[in-house]
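Summary of the model geometry
Each chain, written out:
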Amino acid sequence: MLCATSFFVGLLFSGRMTLLTPPSSTPSGHGSRISVFADDCDQRPILIYSFQKMEESNPNDIMKEVSRTHLAIQSLDKSVSSLEMELAVERAKRNGGLGMAVPSRGLPKAFVVIGINTAFSSKKRRDSLRDTWVPRGEKLRRLEKEKGIVIRFVIGHSATPGGALDRAIDVEEAATADFLRLDHVEGYHELSTKTRTYFATAVATWDAELYVKVDDDVHVNLGMLTNRLAKYRTRPRVYVGCMKSGPVLSQKGVKYHEPEYWKFGDEGNKYFRHATGQIYAVSRDLASYISINKPILHRFANEDVSLGAWLLGLEVEHVDDRSLCCATPPDCEWKKQAGNVCAASFDWSCSGICKSVDRMRAIHSACGEGDGAVWSSAI
């Protein structure tokens, strides 16, 4: 008992002496830990004061602080995701690379790249868009510089590069300067391949936050589209479109026939949920993923199904935005009159606007947001 008492009394006096020792003269070891505890104790009045101030503050101020903290966490999550993607890119480069195009910090910055899928035979469609919602010339450059909105018609080359079809596009490009040329052979049954190549090329050309694919027979309100997409710019892996789940067609000879129907289960099954192919958007990380893994991404018969399959097994946020699939007048016209301007309009029966060359101007007049809307959009 005497020995135990002496031991604890010694510890007591030793502890007091250590606590009385100034932090600067405390040797490393246990003393440094006590110094840390002492520093924490010094902060206690500040913490108590902070909690008292929070209790005394307005509830609205507290909610603002919570909102700011939430946005900061989202921004941090996006930064971490970007770093992870850059790490994957570097690993792919060192291992010989899976993809031919990867993002680079030296690329021109943009908010969104809008790629309009087009074909050699669609010059009249392209002109109908240039006459309505696609700016021409200096306005196109100004939109890119001031708003970070890049718009390009996306096309590959013919089976005989340098032929009449390619020369016609060369002439048109020289006059309009609004094309993105792909290393891809054009063909209706090669749309899935074209989509892969588009994202790989776009992400290697512009460092954008979002990448959009849209068909050349769809009406778009640029201001509304970019305002809606701006809500998702802090989210790292987002896939935006009108989500659907149509039947898997196993019968040969029908439109949208799926030769690999057996992979989706028994006859009568439906596809997994995916964005309809007329228009959709993906974030930078997802476009980079497609670019890196381009050679090993499987292509199904339908391009929109292929994209959905590439993203299905990833940690991706699917956003079902019905503003991207309004019907043509009177639907989009009624919504405009009610104050709900559509981001995109087309006819489901035609997988685009039926007779778009003849009707695009009338639809733009009835459902358009106004030429100044995109310039006043807060993005």
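Our next topic: unusual backbone geometry. P329 connects to P330 through a cis peptide bond whose omega is 15 degrees. Along the chain, P330 turns up in the loop between β8 (317-320) and α11 (331-337). Located in the positive-phi region is K355, a residue other than glycine, with phi close to 50 degrees. Inspection of the secondary structure puts K355 in the loop between β9 (344-345) and α12 (356-367).

Across all of its chains, the model carries six aromatic pairs by this definition. Taken together, a centroid distance of 6.0 Å and an interplanar angle of 45 degrees make the contact between F153 and F179 tilted. A residue pair is termed long-range when its members are at least 10 positions apart, and F153 in strand β2 (residues 149-157) and F179 in strand β3 (residues 179-185) qualify at 26 residues. Across this residue pair, the class does not change: F153 and F179 are buried. Plain terms: the ring middles of F346 and W348 are 5.2 Å apart, the flat faces sit at 65 degrees to each other, and that makes the pair edge-to-face. Over the face of the ring belonging to W375 we find R142, whose NZ or CZ atom lies 4.1 Å from the ring centre.

The subject of this paragraph is the state of the cysteines. Throughout the structure, instances matching the rule amount to four disulfides. Covalently, C326 is tied to C342 through a disulfide, its sulfur atoms 2.1 Å apart. Note on the C326 and C342 pair: the S-S dihedral is about -90 degrees, so by sign convention the disulfide is left-handed. Taken together, the positions of C326 in the loop between β8 and α11 and C342 in the loop between α11 and β9 put the pair 16 residues apart, joining distant regions of the chain. Residue C342 is classed as buried on the basis of its relative accessible area, which comes to 3%. The connectivity of the disulfides in the protein is 1-2, 3-5, 4-8, 6-7, where the numbers refer to bonded cysteines in sequence order.

A separate point is the pattern of salt bridges. For the structure on display, the rule yields 27 salt bridges. Between D127 and R130 there is a salt bridge whose closest N-O contact spans 2.9 Å. Remark: R130 and D127 occur in helix α4 (residues 123-130); sequence separation between them is three residues, near one turn of the helix. By relative accessible area, D127 is classed as partly exposed at 22%.

Each pair of packed helices can be described by the angle between their axes along with the distance between the axes. In contact at an axis separation of 8 Å, helix α7 (residues 191-205) and helix α10 (residues 303-312) are set at 50 degrees when each is read in the N-to-C sense. The orientation of α7 with respect to α10, classified from their angle, is oblique. The two elements α7 and α10 cross, and the hand of that crossing is right-handed. Contacts between α7 and α10 pair L191, S192, T195, R196 and F199 from the former with E303, S306, L307 and W310 from the latter. Its residues assigned to classes, the contact of α7 with α10 shows four nonpolar, three polar and two charged.

Right, let's get into the confidence of the model for the protein. Regions with low pLDDT should not have their predicted coordinates read in detail. Of all residues in the protein, 78% have pLDDT values of 70 or greater, and the mean over the chain is 84. Predicted confidence is poor over residues 16-51, with pLDDT under 50, and the contacts of this stretch with residues over four places away or in other chains come to eight contacts. Counted against residues more than four places away or in other chains, residues 92-103, with its pLDDT under 50, gives 27 contacts.

Calculation notes
- Residues numbered from 1 in each chain as written.
- Predicted model: local features only at pLDDT ≥ 70, side-chain atom pairs only at ≥ 80, totals over all residues.
- Heavy atoms only, no water.
- Helix = DSSP H or I, 4+ residues; strand = E, 2+ residues; numbered from the N terminus.
- Phe/Tyr/Trp six-rings, centres within 6.5 Å; stacked < 30°, edge-to-face > 60°.
- Buried < 20%, exposed > 50% of the residue type's maximum accessible area, 1.4 Å probe, protein only.
- Lys NZ or Arg CZ within 6 Å of the ring centre and 35° of its normal.
- Disulfide = S-S within 2.5 Å.
- Salt bridge = Lys/Arg side-chain N within 4 Å of Asp/Glu carboxyl O.
- Axes fitted to C-alpha atoms, helices over the stretch in contact; angles between N-to-C directions.
- Parallel < 35°, antiparallel > 145°, perpendicular 65-115°, else oblique.
- Left-handed = near helix turned anticlockwise from the far one by under 90°.
- Contact = heavy atoms within 4.5 Å.
- Nonpolar A, V, L, I, M, F, W, Y, C, P; charged D, E, K, R; others polar.
- pLDDT = per-residue confidence, 0-100.

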